[in-house]
Amino acid sequence: MTDIGRRTDRRLERAILELLERRGPTATICPSDAARAVYEGDGDGWRALMEPARRAARRLVTAGEVEITQGGRPVGPEDARGPIRIRRVG
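Fair warning: this is a prediction, and the values are worked out from it, not measured in the lab.

Novice: Just to check I follow, could you spell out the packing of helix α1 (residues 3–21) against helix α2 (residues 31–38) for this structure?
Specialist: Packed helix pairs are characterised by how far apart their axes lie and by the angle those axes make with each other. At a minimum axis distance of 9 Å, the contact between α1 and α2 shows a crossing angle of 120 degrees. Both α1 and α2 take part in a crossing whose hand is right-handed. Contacts between α1 and α2 pair Arg-11, Leu-12, Ala-15, Ile-16 and Leu-19 from the former with Asp-33, Ala-34, Ala-35, Ala-37 and Val-38 from the latter. Here the contact of α1 with α2 is built from residues that sort into eight nonpolar, no polar and two charged.

So this is what it looks like as structure tokens:
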């Protein structure tokens, strides 16, 4: 992985945590919120950061910082298919 890739990964992790910090304790965010927060261009180039944002969320699950939910229920990162939400571990 390149230095740019590692920096982007760290920025996505920070963005997830910062976005959640600004919301209520049970609030959730979409990985696209983090992708949009990190993307520095115009247009919809943030979409290229969607999978990196999902990977960042999975790393934060492993670190015990957040959980991934689907349908309002926690799911293991390996079980998540399709749209996910991210929330703080409570």
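Novice: Hey, could you run me through the pairing of strand β2 (residues 66–70) in this one?
Specialist: For a regular strand, the rule is simple: side chains alternate between the two faces of the sheet. The element β2 is largely enclosed, with a buried count of four among its five residues. Two strands pair when backbone bridges link them, and β2 and strand β4 (residues 85–88) are joined in this way by four bridges, in the antiparallel orientation. Each residue of the ladder has a partner; that of Glu-67, found in β4, is Arg-87. Relative to strand β3 (residues 73–75), β2 runs antiparallel, the two being bridged by three bridges.

Novice: Just checking my understanding: could you explain the packing of aromatic side chains for this structure?
Specialist: Counted under the stated rule, the structure contains zero aromatic pairs. Note that Arg-36 overlies the ring of Trp-46, its terminal NZ or CZ placed 3.8 Å from the centroid.

Novice: Is there a simple way to explain the pattern of salt bridges in this structure?
Specialist: It is possible for side chains of opposite charge to pair when their charged atoms get near one another. For the coordinates displayed, the defined rule picks out nine salt bridges. Its salt-bridge partner being Arg-88, residue Glu-21 comes within 3.6 Å of it at the nearest N-O pair. Taken as a pair, Glu-21 in helix α1 and Arg-88 in strand β4 lie far apart in primary sequence, 67 residues in all. On the basis of relative accessibility, which here comes to 22%, the residue Arg-88 falls in the partly exposed class. Across the salt bridge formed by Glu-51 and Arg-58, the nearest N and O atoms sit 2.9 Å from each other. Here the salt bridges share partners, and the residues they tie into one network are Asp-9, Glu-13 and Arg-59.

Novice: Before we go on, may I ask you to explain α2 in this structure?
Specialist: Along an α-helix, a turn takes 3.6 residues, which lines up residues three or four apart on a common side. When α2 is considered as a whole, its buried residues turn out to be Pro-31, Ser-32, Ala-34, Ala-35 and Val-38. Along the long axis of α2, the arc covered by the buried residues comes to 160 degrees, so they all point the same way. Residues of α2 that are buried in the fold lie against α1, β1 (28–29), α3 (50–62) and β4.

Novice: Would you mind showing me how to read the nonpolar core here?
Specialist: If you look at soluble globular proteins, the nonpolar side chains tend to sit buried side by side. Counting residues in hydrophobic clusters, the biggest one holds 20 residues, and the most contacted among them are Leu-12, Ile-16, Leu-20, Ile-29, Ala-34, Val-66 and Ile-86. Every element with two or more residues in this core is listed here: α1, α2, α3 and β2. A total of five residues in this core trace back to one element, the largest contributor, which is α1. Dropping the residues within four chain positions of it, Ala-34 is found in contact with Leu-12, Ala-15, Ile-16 and Leu-19.

Definitions and limits used
Residues numbered from 1 in each chain as written. Predicted model: local features only at pLDDT ≥ 70, side-chain atom pairs only at ≥ 80, totals over all residues. Heavy atoms only, no water. Axes fitted to C-alpha atoms, helices over the stretch in contact; angles between N-to-C directions. Helix = DSSP H or I, 4+ residues; strand = E, 2+ residues; numbered from the N terminus. Left-handed = near helix turned anticlockwise from the far one by under 90°. Contact = heavy atoms within 4.5 Å. Nonpolar A, V, L, I, M, F, W, Y, C, P; charged D, E, K, R; others polar. Buried < 20%, exposed > 50% of the residue type's maximum accessible area, 1.4 Å probe, protein only. Pairing = 2+ DSSP bridges. Phe/Tyr/Trp six-rings, centres within 6.5 Å; stacked < 30°, edge-to-face > 60°. Lys NZ or Arg CZ within 6 Å of the ring centre and 35° of its normal. Salt bridge = Lys/Arg side-chain N within 4 Å of Asp/Glu carboxyl O. Arc of directions from axis to C-beta. Core = buried A, V, L, I, M, F, W, Y, C linked by side-chain atoms within 4.5 Å.

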